[in-house]
Number of protein chains: 2
Amino acid sequence: MGTITKALDLLNFFAKQKPEIGLTEFVRLVNRDKATVHRHLTELMENGFLEQNPVTRAYRLGPAILRLSGVREATHPLRSVLRPIVEDIARQVGELTHVSLLQGDVLSPALHFDPMTHGTQVAFDESEILPLHATSSGLAVLAFADEDVTRSVLKRPLTKYADGTITTADELRSVLDEVRRTGTASQDRTFDSEVCSQGAPLFGVGGKVVGAVSIALPAVRDTDEKRAEIREALRDGMVRITQQLGGDLPPEHAEKWQSAV
Amino acid sequence: MGTITKALDLLNFFAKQKPEIGLTEFVRLVNRDKATVHRHLTELMENGFLEQNPVTRAYRLGPAILRLSGVREATHPLRSVLRPIVEDIARQVGELTHVSLLQGDVLSPALHFDPMTHGTQVAFDESEILPLHATSSGLAVLAFADEDVTRSVLKRPLTKYADGTITTADELRSVLDEVRRTGTASQDRTFDSEVCSQGAPLFGVGGKVVGAVSIALPAVRDTDEKRAEIREALRDGMVRITQQLGGDLPPEHAEKWQSAV
DNA sequence: TTGGTTGGGTTCATTATTTGAACCACTGGT
DNA sequence: ACCAGTGGTTCAAATAATGAACCCAACCAA
């Protein structure tokens with residue numbers, strides 16, 4: 001692990017619930033020497049990626065992020081292209097819908113929308129990094145990802161997040177086969193003990209997976225009819241979003257899924 | 001310059017006009033060895049800060065940025081707090097208004113709004129990093145910044161961007177004195193040969209400058225009346241934004257500016 | 001075909017940078 | 001006065017970054 005990765009990795013610990021992190025807490029989180037962590041933090045700060053709460057001296061994300069996201073959106077407007085589609089899907093099925101992008105061997109949320117049509121909602125943290133093996137988005141991506149992504153996921157132990165989490169390589173492989181057949185992944189309390197979700201892969205140019213669209217709902221609302229309805233919506237969304245991204249469905253699967261719809 | 005800074009520095013070359021940059025171009029831009037640059041690029045890519053155009057192999061900003069800006073906005077909603085104020089000011093004077101934040105010895109744009117009430121507009125690139133000595137925002141910040149910021153600006157030569165650019169330390173110092181007296185900085189073709197602007201500092205807790213709000217307009221529209229009107233609007237905006245940021249005007253100047261308004 | 005150019009990417013000995021144990025300074029609690 | 005908890009710093013030792021030279025592919029013109 002290079003120095004750059006070690007430093008950038010620090011940024012991944014920030015989330016909605018954890019907007020500020022102090023030096024000592026960081027040291028505990030990453031299990032590295034205090035001096036090292038401190039130097040990395042100050043260097044990130046000098047570059048505007050972090051700033052320091054002047055009173056608590058804790059660190060939080062800095063203004064450089066704002067500028068970069070401005071550039072990225074201005075030149076490669078993913079969010080604004082995705083938003084109408086995601087909102088449309090979410091309203092159609094009445095449940096929280098979100099898009100995440102593959103980033104190494106992990107998923108990074110890009111956009112979510114909750115139509116708020118029910119009394120209970122799934123608490124989606126748009127800032128949390130999602131593991132590939134324990135989320136429907138992740139399974140959808142993994143099923144179509146390069147072999148080396150699967151390998152790097154299996155290299156580390158499959159962390160158990162909830163009762164349903166897949167924890168063995170064999171189990172994972174059979175689930176992925178199923179996903180490849182149907183084109184959508186479903187998940188029953190594998191990440192959160194009260195949430196079910198289904199996901200479908202999104203493809204870029206040349207049919208490479210770039211991420212996933214997925215719909216999550218409280219387990220109590222996950223009936224068979226609803227499930228089928230969601231699968232329909234996802235198949236549709238997968239095609240629309242992939243088109244918008246300028247991507248192609250992998251030809252070896254495309255017709256099969258078409259007919260299934 | 002540490003490895004982390006060298007890598008993060010690469011990200012600063014992306015702008016609206018330059019959304020994708022290839023390896024060789026990067027090497028030219030930063031004047032470092034190809035192998036080094038390549039390693040930095042791949043490490044940034046592995047962390048999702050860059051992604052590679054699969055066909056041209058050029059690099060562009062990656063999805064990690066999206067997630068981080070999501071967290072930053074969710075936990076520290078600067079943009080959404082700023083937006084109504086900035087839009088209000090912009091509509092009031094009918095000219096492009098923007099807020100930038102101090103980041104090291106340079107300004108990073110955070111938000112801008114153009115009311116589009118005239119036939120000609122200032123082309124504001126929200127992705128371009130602004131120098132402190134050649135912009136009204138920069139002068140406003142510099143006038144109230146710590147001594148070491150001024151020192152680090154003077155350490156490097158004062159790059160000439162247009163006819164009006166301040167290029168000597170003495171000239172700069174006298175301008176900064178003037179800014180401290182009036183509370184606003186004005187600029188006549190110092191950054192772009194057709195643009196005039198005025199700026200006012202923004203303060204955080206303890207009266208430390210955190211950035212500036214500024215209004216830019218084509219030089220042809222820069223009459224004396226307009227100028228006075230803009231100064232009024234900026235004084236007002238400075239106070240409102242500083243309050244919203246939970247900051248304090250530096251007491252040694254506050255009353256002077258109050259009376260001037 | 002050949003040779004030249006420009007692009008991306010890689011190798012490995014040399015070198016310089018990162019690292020971490022121990023240290024200091026401050027704050028709040030007892 | 002002491003301890004435990006912060007954040008932050010130092011300097012010799014070890015590790016990781018560096019860069020000259022290299023390879024490969026695509027493109028172009030003779």
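All values derive from a computational prediction rather than experimental measurement.

A. Geometry of the protein's contact with DNA strand C. Taken together, 18 residues surround DNA strand C, and among them Ala-35 of chain A together with Gly-2, Gly-22, Leu-23 and Thr-24 of chain B come closest. For the surface near DNA strand C, the secondary-structure elements that each account for two or more residues are α1 (3-11) and α3 (34-46) of chain A together with α2 (23-30) and α3 (34-46) of chain B. For the surface near DNA strand C, the leading source of residues is α3 of chain A, giving four residues. Here the residues of the surface near DNA strand C sort into four nonpolar, seven polar and seven charged.

B. Summary view of the domain arrangement of chain A. Domain annotation of chain A identifies domain 1 (3-66) and domain 2 (77-260). On a C-alpha basis, the centres of domain 1 of chain A and domain 2 of chain A stand 30 Å from each other.

C. Inspection of the sheet that holds strand β3 (residues 96-103) of chain A at higher detail. Residues and elements named next belong to chain A. Taking strand neighbours across the sheet as the criterion, the six strands line up as β5-β4-β3-β8-β7-β6 in an open arrangement whose pairing is antiparallel. Strands with a single pairing partner mark the edges of an open sheet, and in this sheet they are β5 (130-131) and β6 (185-188). Alignment of β3 against strand β4 (residues 106-113), held across seven bridges, turns out to be antiparallel. Across the sheet, the residue bridging to Leu-102 is Leu-107, located in β4. In the packing of helix α5 (residues 78-93) onto the sheet, contacts are made with β3, β4 and β8 (209-218), and the angle to β4 comes to roughly 70 degrees.

D. Representation of helix α9 (residues 224-244) of chain A within the structure. All names here are of chain A. Taking 1.5 Å of rise per residue, the 21 residues of α9 would be expected to cover 30 Å, and the 30 Å separating its terminal C-alpha atoms lies within 8% of that figure. Every buried residue of α9 is listed here: Ile-230, Ala-233, Leu-234, Gly-237, Met-238, Ile-241 and Thr-242. When α9 is viewed along its axis, its buried side chains cluster within an angular range of 155 degrees and face the same direction. Exposed side of α9, more than 90 degrees from the buried face: Glu-225 and Ala-228 are the residues found there. Of the surrounding secondary structure, the elements contacted by the buried residues of α9 are α5, β7 (195-203) and β8.

E. Examining the sheet that holds strand β4 (residues 106-113) of chain B more closely. All names here are of chain B. If you trace the six strands from one edge of the open sheet to the other, you get β5-β4-β3-β8-β7-β6, paired in antiparallel fashion. At either end of the open sheet lies a strand with only one pairing partner, and these are β5 (130-131) and β6 (185-188). As paired strands, β4 and β5 are joined by two bridges and run antiparallel to one another. The residue bridging Val-106 from the neighbouring strand is Pro-131, located in β5.

Definitions and limits used
Residues numbered from 1 in each chain as written. Chains lettered and ligands numbered in written order. Predicted model: local features only at pLDDT ≥ 70, side-chain atom pairs only at ≥ 80, totals over all residues. Near = placed C-beta within 6 Å. Helix = DSSP H or I, 4+ residues; strand = E, 2+ residues; numbered from the N terminus. Nonpolar A, V, L, I, M, F, W, Y, C, P; charged D, E, K, R; others polar. Domains from an automatic or database assignment. Pairing = 2+ DSSP bridges. Contact = placed C-beta atoms within 7 Å. Axes fitted to C-alpha atoms, helices over the stretch in contact; angles between N-to-C directions. Expected span 1.5 Å × (residues − 1). Buried ≥ 20, exposed ≤ 12 C-beta atoms within 10 Å, placed from the backbone. Arc of directions from axis to C-beta.

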